[in-house]
Amino acid sequence: MIVGLEIGFAPEGMPYDIVLFLHILTAIIGFGSTFVWPVLSVEARKLPPEQALVVNRIAMGASKKLTTPFTIATGILGAALIGMSDGFYEFSQSWVSLAFLLWLAGAGLALGLHGPNLGAMLALQEEMVAAGPPQGGPPPQVAELQERGKKAQMYGGILHLLFAVLLIVMVFMPEAAS
């Protein structure tokens, strides 16, 4: 049974419950992992450049395996839950529409801006490490890396805010609509 909804009206059955379980699990893995990457980034800045690069390569690779596919799966499974609910939930309900709008906005920001920016930051780090220790001042990549770092913080903050609002919508709006 869905928490907060009256017994007997909520969608039931093992297939629905399995998809609901997967929806929640993918949300925990996908969205939860996004809170790890900024912490790793801060810690990596304390390391020598070669070690920082290794940490950031690992974080980027893990993100491509955890964050991206699982957050996409969360939306797909959410749509499946709506379709499996026998009309109990509808795409036309305001909370459902808002949830999908927030999910799409987050996916667009993550895939269109944040991911490419992080990839460019990693490429700049690779250039700096390949060039060796700087001679007579900071490497030319430092200024761009710092600027992209500010964008990464902004994009990450927006994505975390979108996730928090999405979670509020998912937890509180269905109850208010019933």
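Before reading further, recall that the structure is shown in the block above.
My aim in this report is to walk through the structure given alongside it, one point at a time. Please read these numbers as outputs of a predicted model, since none were measured by experiment.

1. A few points about the overall build of the chain
Scanning the chain from N- to C-terminus turns up six helices and zero strands. Taken from N to C terminus, the helices and strands of the chain fall in the order α-α-α-α-α-α. Along the first, second and third principal axes, the C-alpha set of the chain runs to 75 × 25 × 20 Å. When the 178 residues of the chain are sorted by exposure, 33% land in the buried category. Nonlocal contacts in the chain, meaning residues at least 24 apart in sequence, comprise 77% of its contacts between residues at least 6 apart. Carbon together with sulfur atoms contributes 71% to the accessible area of the chain, which is approximately 10700 Å² in total.

2. Examining the side chain of S33
Here S33 lies in helix α1 (residues 14–33). Sequence-distant contacts of S33, defined by excluding residues within four places in its chain, comprise I28, L66 and T67.

3. A short note on the nonpolar core
In terms of nonpolar packing, the biggest core is built from 20 residues, with F31, Y89, W95, L102, L166 and V169 touching the most fellow members. Apart from residues no more than four positions distant in its own chain, L166 is found in contact with F31, A99 and L102.

4. Section: the pattern of salt bridges
Throughout the structure, instances matching the rule amount to three salt bridges. Taking the shortest distance from any N to any O, the salt bridge between K46 and E43 comes out at 3.1 Å. Residue E43 is classed as partly exposed on the basis of its relative accessible area of 42%. Notably, a salt bridge pairs E144 with R148, separated by 2.9 Å at the nearest N-O pair. With E144 and R148 both in helix α6 (residues 141–177) and four residues apart, this pair spans about one turn of that helix.

5. Remarks on the packing of helix α4 (residues 67–84) against helix α5 (residues 94–131)
Here α4 crosses α5 at 160°, and the two axes come no closer than 11 Å. Looking at the two axes, α4 sits roughly antiparallel to α5. Seen along the crossing, α4 lies across α5 with a hand that is left-handed. Contacts from T68, T71, I72, G75, I76, G78, A79 and I82 of α4 reach α5 at V96, F100, W103 and L111.

6. Topic: the environment of A130
Mapped onto the elements, A130 comes out in helix α5. Among the residues examined, A130 registers a relative accessible area of 70% and is labelled exposed. Remark: the alpha-carbon pair of A130 and L104, spanning 26 residues in sequence, is separated by 38 Å.

7. Structural notes on the packing of aromatic side chains
Inspection of the entire model under this criterion finds six aromatic pairs. Judged by centre distance (4.7 Å) and plane angle (20°), the ring pair of F31 and F163 falls under stacked. Of this pair, F31 sits in helix α1 while F163 sits in helix α6, and the two are 132 residues apart along the sequence. Note on accessibility: F31 and F163 belong to one class, buried. With a centroid separation of 5.4 Å and an interplanar angle of 80°, the aromatic rings of Y89 and W95 are classed as edge-to-face. In this structure, Y89 and W95 share a single accessibility class: buried.

8. Description of unusual backbone geometry
You will see that D86, though not glycine, has its phi angle at about 50°, which is positive. With respect to the element layout, D86 can be found in the loop between α4 and α5.

Analysis parameters
- Per chain, the residues get numbers from 1 upward, laid out in the order the sequence is written.
- Given that the model is predicted, a residue must reach a pLDDT of at least 70 before its local features are reported, and side-chain atom pairs must reach 80 or more before they are shown or counted; all residues, however, enter totals for whole chains, interfaces and linings.
- Here the side-chain values reflect all heavy atoms present in the structure, with hydrogen atoms and water set aside.
- Secondary structure elements follow DSSP: runs of H or I no shorter than four residues count as helices, runs of E no shorter than two count as strands, and numbering proceeds from the N terminus.
- When a residue's accessible area, from a 1.4 Å probe over protein chains only, is under 20% of the maximum for its type it is buried; when over 50% it is exposed; and in between it is partly exposed.
- Only heavy atoms enter the contact rule, under which two residues are in contact if any of them lie within 4.5 Å.
- Note that accessible areas follow from Shrake-Rupley with a 1.4 Å probe, and for residues the cover is restricted to the protein chains shown.
- The term nonpolar core refers to a set of buried residues drawn from Ala, Val, Leu, Ile, Met, Phe, Trp, Tyr and Cys, joined through side-chain atoms within 4.5 Å.
- A side-chain nitrogen of Lys or Arg and a carboxyl oxygen of Asp or Glu constitute a salt bridge if their distance falls within 4 Å.
- Axis lines are fitted through C-alpha atoms, for helices just across the contact stretch, and the angle between N-to-C directions can take any value from 0 to 180 degrees.
- Roughly parallel means an angle under 35 degrees; roughly antiparallel means over 145; roughly perpendicular covers 65 to 115; every other angle is labelled oblique.
- Note on convention: the crossing is left-handed when the near helix lies turned anticlockwise from the far helix by less than a right angle, right-handed when the turn is clockwise.
- Under the pairing criterion, centres of Phe, Tyr and Trp rings, with the six-membered ring standing for Trp, must be within 6.5 Å; the plane angle then separates stacked pairs below 30 degrees from edge-to-face pairs above 60, leaving the rest tilted.

Purely spatial values, then, with no claim about function.
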